[in-house]
Each structure stands twice: as C-alpha cells, then as structure tokens.
Amino acid sequence: MLQTSVGIQIFLLPVLWTWLGGRGRGRLLQNPPSLPTSPTCFPAPVSMPRGATSFEARGTGGLQVYVTYDPKHLPKPEGSERWPLHADTEVIVSLKALSSKKDKCFNSVSLLALSLDADTSRTGTIQNYTKWTWGPDGEGAVLLVNCDRDGPSYGNMDHTYPYVRSQADLQDLSLVILNINSPAGIFDNHKLMLHISIFDAAKVRVFHAAENTSVSHYENILGSDKLSYTVPPTDGRGQHTFYVEGLAFPDGDFNGLVSLNATLLEQTIFTDTVVFHVAPWLMTPNTQRPLEIFGVNSNGKFLEAIKLLARKANCKLTICPEVENRGDRWIQDEMELGYVEAPHQSFPVVFDSPRNRGLKEFPFKQILGPDFGYVTREPKNGRVPPVSVKGRDYSLGRILIGSSFPGSGNRKMTKVVRDFLYAQKVQAPVELYSDWLTVGHVDEFLSFVPAPGKKGFRLLLASPLACLKLFEEKQKEGYGNAALFEGLRRVGKITLNEILTDRNLRQDSKYVQSCIDWNRSILKRELGLTERDIIDIPQLFTLEGSTATALFPDMVNMLVLGKHLGIPKPYGPIIHGQCCLEVEVRSLLEPLGLSCTFIDDFFSYHVLSGEIHCGTNVLREAFSFHWWNIRL
C-alpha cells in the first residue's frame, strides 16, 4: 500500500507484494495531464519490493487509478486484476477532489507492506501465496491435525486443549508470520484484524506467540469461540508470530481447506490470506518397511512364532497383555496404523475402530503418546502399493474398501467411515465385492507382497481353482489318500480323493472363484495390473448358508514384514514328508526373494474365522513421496 502525507492511500499488491522473483518498475503520478483538477506535484518514484513479479492497483475513495501499458508488448490480463511487472507498465493516480486538510500537496509517498507469510512453498521457507494448489510446483501451506499427546502422559489429544502444552506440542503447529512495514501513525486511524470464517472455526485454532513467555502462555486468539482478533498496533516496522493448529481431518463435509486472513480496517481496505490444507490421514501398504508389530497375548505357541519372525525382520514387537485385551484377539479389526505429514513434521497416527470390544481402550491408552496420534472411525479395508493407471499416478497407493455386490443392498462400510476415507483424496479408494465372505474383509482373499520389477509388488489372490488343480495333479501322481489336517488332534482328516469327489465343495469353489474373479477384474482395471502382476495362491472355501469361510487356514491372510512372510500353516496333504500346499506357495513366492515362514494359527485364529493378519498390526515407514505433490 502506498500512502501520501495527507492520508490518501493507494494499494499496489503483487499478491501483497509477494516476493516471487522477477523485475519491474512503477511510477505514481498525482494526476495525468488530461485531469488538471488536483494540485500540481512532481512524480514520486517508488522502488518495487525485491523479487516481485506482479501487482494489483486500486485506490481508496477520492482517487482514480490507471494502468498504462503497450498492448503490442503486454496484453491486458484476462480474468485477473493482477498485472505482470514490466518496464513499460505504469500506474497513474489522480485525485477526484482536493483534501479538506490544510496541506493540499503531496510531499512524500511511503510504502506500507502487510503480509501473512507461511511455508507456502512447502520447502521450509516462510513466504506468501494466497491460494492452495496440488502438484510438485503447487503452492499453499500444510496444517497438521494436532492429534498426538506431547503433554503429560495422561489426558487427551493435544488439540483438545485450548493452549500449547509443551515445546514438543509446538512442533506440531504451523508457523505464520505477520510482517508490517508502515508509516508512523498508520494505526492511529486504522485497525489490523486477524480473522477466520465461521465455517473454519471448528477446524483450526491460532495462538499468538509472545517474547520471553513460555509456550503454555501463548494467547489463544482464534478458534471455535473466537472468529477475530485485533493485532496490537506497531509504530513503523513490526512482526507478529502465530502458530496454527489443525483440529479436524478432511471429511465428508470438510474439503480440508482453511483460511487465515489479515484485514486492514478503516473500512475494509485490504485483506491478505494464507490458505492451509489439513494433512490427510495416510495408510501404508505391505510393501513399506515394517517398524513395529502389535500383537495380543492370546496363545503362547503362536506368540513365540511371531516373536521369532519379528527378530528375523528386525522389528520391534509390542504385545497387549491379557489383562488389557480382555479376551479380544482381533487387533487388526480394532485399529489401523497410518501417518500424517507436513513439511515441518510427520508422525504416525492410529485409526481406532469404535467396535467396543476387549481392545477398545488399547489404541487410546497405550498407543496415543508423544509423536503418535489418534483418530477414530471404523475402517474395514486394505491398502494398495503405489500404482500408475492410464497415465495417472497414485504415488501413495489406493485404499481397498470391502462392499456388497452392486445393487444388492447388503453389507457396506459405515457411511461415516467411507466418507472419511474418500475425503482424504490422495489414496482414492477402490470398492471391492467382499460380502460373499462370512466375515467380509478383503484380507481374506487378497494381499500384496514386495517384489522386484517396475511396480515393486505382486498381488496375491486366493484361488479355489488353483487349489483343485494342484490336488488333481497330486491325485494323478498317486497320492489320492493324502489328507488335509494330518497331525491335528480333534480335527477330522479329509483325503484328496474325498475333496475331489465332493460335488458340493466343487460347486462352492466355482461360486467363490467367480466372486474373486469379479474383484480380479476390478483390481486390474483400477490398479493398472496385468496377469503377470498377479499370483494365484491355492485356497479352498466352503459355503455356510450364503457366505464363504476358508476350509483350511487362509494363506493370503498373512503377515508381511519386508521379505519375511508369516503365512498361516495350511495343514495340507503330506507328500514326500512335506505339505504340498506349503511347497507350492514357496515355489510361487521364494523366486521373488521372499522368505516364507508357516505359522500354526489353527486353534488360535483359524477356527474363530480369522488368521495371522487378523491377529497382528504393523506400523510401517512413511512414504518418501509427499502427498501434496500428487496432481489431482
């Protein structure tokens, strides 16, 4: 803003003189030669702020503002009031009427610069842009939902408190600097307001930092009950430091964008804005490096096998003791592990399901903590590694959602959860048909494992036809009397001959295979897969009523820890001293550099309609790719 000594103001706004880089010059004239109504004063040269590339010119009441330019070299911008700085562009200002004050001549012109600056380049550099755009060349600041607990070890998430709890808590907030460069006395008749809209009030909180004051005494100036704040006046140059806190994730009724505004008031004469996008909650697929395994103390033998696998994979293992799990062993159903990320901070976030069984207190009481956040909904889904489909990159993968057959009206994911997952945007969900299963989870018929090659993974699909084909081959080799469940007490054996002559089982297998093939087509289309990217894992299911359950331990429902796989021991027919199902799976996966460990979960999980994956959960390394670089 330019202000004369008699209080007449002119605003020149390169996005409030945003320091973007570039060169240009400008000139202010008291009046053009054709309008001799104002007193005669000579032009006053004004220096452009360093790095400015564009400007916007407008005047307060009593002024006429003109932009002169050469249309041969610089066409008038369309759809915008901003002009590029150019050597042949001039701003000319004329008085409509004389000032009533005694001093009727301009004797000075001074520059008032006001800017709200944040990390809008997403590089750690504090600067000013007024919009939010996606992509590697995009602009706009990032805001974290402050959902960890950096304060005392008791209590709720940090964002539920209307104050900054500690220095560690402060690191989760986004910095905003209000820079003021004003003529002396400007705030004698002007007021500078910081404000948010009523629609953003429940999504964001702002603190004003004071020098020589502990963070717990930073003033809470904006939030659900405070929409505006008068910035203390300065006399000349000044700077105010603010910290912005996210309160809510993107959701079905919230697109994730919030705005912080600074307005100079006599009447409303100038506003600058910083737009934030609240960081989405991100899920991590099996292909990401495992960091920590969470399990339940439910069976000593099973737990020892998981401990051994964790040591092989060099993973930390955290076990929820029986006194805390209260008989609930389904930790995969209780929670999902992901993370949030901003340029200045990143931390894991546990997504808690309100299923209200024995493990209901575990995520909040035992996982929420310093730099480990918490959010609650009810996810029942899977995760896809990064893929590219028809020229579009899903660099953070996609979320797989279990649903019912189109038009069937049967089981679907809870709407509030579905809306939440879609609202995160960057991992565009894919809905699969899983209602044919008794439990209805997608991990019962698919998994992803890391593998060499351009995609970096293989999709594993359970396959009844592949299993029947394998058993037919073994029958032809003379092993028709080899049986499932050999060596298991209290479980009846089923020979290959019995399996292959069971018409009901063959009908069940045909139906289940058609359900899996339906999903196979969806996955190929939505993830850009070919048959070479898919491995069929032999598996049989039986129908109980109208839904299917695995006949023997479901091998795709596995624990993936890098190259180490914890696979449910299938107790298949023993041929030449080895389980033929284990031999087949090793032949399919070990050439990819994977190590297969078969773990007995028959009585721990399988007979209860679950497997290893259902009884464990894994915290994984965040993606190196930044979500804001996705092109939407």
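Residues numbered from 1 in each chain as written. Predicted model: local features only at pLDDT ≥ 70, side-chain atom pairs only at ≥ 80, totals over all residues. Heavy atoms only, no water.

## Regarding the pattern of salt bridges
Item 1. Applying the stated criterion across every chain, the model contains 18 salt bridges.
Item 2. Residue E304 is joined to K307 by a salt bridge in which the shortest nitrogen-to-oxygen separation is 3.6 Å. Pair noted here: E304 and K307 are both in helix α2 (residues 300-312), with a separation of three residues, about one helical turn.
Item 3. On the basis of relative accessibility, which here comes to 47%, the residue E304 falls in the partly exposed class. (Salt bridge = Lys/Arg side-chain N within 4 Å of Asp/Glu carboxyl O. Helix = DSSP H or I, 4+ residues; strand = E, 2+ residues; numbered from the N terminus. Buried < 20%, exposed > 50% of the residue type's maximum accessible area, 1.4 Å probe, protein only.)

## Some remarks on the UniProt feature "active site" (unreviewed entry) in the chain
Item 1. Per the UniProt record, the feature "active site" (unreviewed entry) sits at D333, H441, D443 and C614. For this annotated set, covering 282 residues, all C-alpha atoms fall within 11.1 Å of each other, a compact arrangement in space.
Item 2. You can see D333 is positioned in helix α4 (residues 331-334).
Item 3. Among the structural elements, C614 can be located in the loop between β43 (595-599) and β44 (616-620).
Item 4. Ignoring sequence-local partners within four residues, the contact set of C614 consists of R329, W330, I331, Q332, D443 and N557. (UniProt positions renumbered as here; feature names shortened; annotations may be inferred. Contact = heavy atoms within 4.5 Å.)

## A few points about the environment of T125
Item 1. Take T125: it is sitting in the loop between β11 (113-118) and β12 (141-143).
Item 2. Spatially, the C-alpha atoms of T125 and P343 are 9.9 Å apart, while their sequence positions differ by 218 residues.
Item 3. Within the structure, T125 has its side chain in polar contact with the side chain of T123 (distance 3.5 Å). (Polar contact = N/O pair within 3.5 Å; in protein donor to acceptor, adjacent residues only side chain to side chain.)

## Comments concerning the pairing of strand β24 (residues 335-342)
Item 1. Taken across its eight residues, β24 has eight buried, putting it largely inside the fold.
Item 2. The two faces of β24 match: M335, L337, Y339 and E341 on one face and E336, G338, V340 and A342 on the other face are all buried.
Item 3. Bridge count between strand β21 (residues 282-283) and β24: two bridges; the pairing is antiparallel. Along β24, the bridge assignment pairs M283 with G338.
Item 4. By the bridge criterion, eight bridges tie β24 to strand β25 (residues 345-352) in an arrangement that is antiparallel. Looking at the pairing, A342 lines up with Q345 of β25.
Item 5. Turn length for the β24-β25 hairpin, with the two strands adjacent in sequence and antiparallel, is two residues. (Pairing = 2+ DSSP bridges.)

## Here we look at the side chain of T263
Item 1. Mapped onto the fold, T263 is located in strand β19 (residues 257-265).
Item 2. At 2.8 Å, the side chain of T263 forms a polar contact with the side chain of T271.

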